[in-house]
Amino acid sequence: MSTTVDPRTEILSDLCHPEWNPVTESHGLAHDDAVKLVDAYRAAVVTEVVEALQAKAGELSAEAEEEMRRDLEEKAQVWHEAATVAARLKRAKASDQT
């Protein structure tokens, strides 16, 4: 994963040790902060999916080239296209949040 801190760890940490809220005099996580944590998690998952799709496409392309098989190259192309779509969705989601 390209992020330096796994968002899942941050979510779990904040859920297990929420901050003190002086207004409600209770422990909890602000809604906006929770939304940001979940969005970071989702972005990390999409990144993992894109990377996995790209890796599989690369493997199929290499195998197709080695074996000179058109059917494998077609499969690789499908994986490349899936990775491209996932990356576009991630960018669209990120631009919606700004």
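Everything discussed here concerns the structure shown above.
About the cut-offs
- Residues numbered from 1 in each chain as written.
- Predicted model: local features only at pLDDT ≥ 70, side-chain atom pairs only at ≥ 80, totals over all residues.
- Heavy atoms only, no water.
- Helix = DSSP H or I, 4+ residues; strand = E, 2+ residues; numbered from the N terminus.
- Buried < 20%, exposed > 50% of the residue type's maximum accessible area, 1.4 Å probe, protein only.
- Contact = heavy atoms within 4.5 Å.
- Areas by Shrake-Rupley, 256 points an atom, 1.4 Å probe, with all protein chains shown as cover.
- Salt bridge = Lys/Arg side-chain N within 4 Å of Asp/Glu carboxyl O.
- Core = buried A, V, L, I, M, F, W, Y, C linked by side-chain atoms within 4.5 Å.
- Patch = residues over 30% accessible without salt bridge, like charges linked within 9 Å, V, L, I, M, F, W, Y side chains within 5 Å.
- Lys, Arg positive; Asp, Glu negative; His and termini not counted.
- Charge placed at Lys NZ, Arg CZ, Asp CG, Glu CD.

Focus on the overall build of the protein chain
Stage number 1. When its secondary structure is counted, the protein chain shows 3 helices and 2 strands.
Stage number 2. Counted from the first residue to the last, the protein chain has its helices and strands arranged as α-β-β-α-α.
Stage number 3. Out of the 98 residues belonging to the protein chain, those deemed buried represent 17%.
Stage number 4. In the protein chain, the share of contacts with a sequence separation of at least 24, taken over all contacts with a separation of at least 6, comes to 50%.
Stage number 5. Split by element, the accessible area of the protein chain, about 7300 Å² in all, is 56% carbon and sulfur.

Details of the pattern of salt bridges
Stage number 1. Tallied over the full model, the rule gives 3 salt bridges.
Stage number 2. A salt bridge links Arg-42 to Asp-39, with the shortest nitrogen-to-oxygen separation between them at 3.8 Å. Of this pair, Arg-42 and Asp-39 both sit in helix α2 (residues 31-67), 3 residues apart, which is roughly one turn of that helix.
Stage number 3. Judged by relative accessible area, Arg-42 falls into the partly exposed class, the value being 48%.
Stage number 4. Residue classification places Asp-39 among the buried positions, given a relative accessible area of 18%.
Stage number 5. Residue Asp-71 is joined to Arg-69 by a salt bridge in which the shortest nitrogen-to-oxygen separation is 2.8 Å.
Stage number 6. By relative accessible area, Asp-71 is classed as partly exposed at 35%.

Examining the nonpolar core
Stage number 1. Core analysis: the largest hydrophobic core is formed by 5 residues, namely Val-50, Leu-53, Ala-83, Ala-86 and Ala-87.
Stage number 2. Elements with a contribution of two residues or more to this core: α2 and α3 (70-97).
Stage number 3. Aside from chain neighbours lying at most four places away, what touches Leu-53 is Trp-79, Ala-82, Ala-83 and Ala-86.

So, a negative patch on the surface
Stage number 1. Together, Glu-59, Glu-63, Glu-65 and Glu-66 make up a negatively charged patch on the protein surface.
Stage number 2. Relative to the elements of secondary structure, Glu-66 occurs in helix α2.

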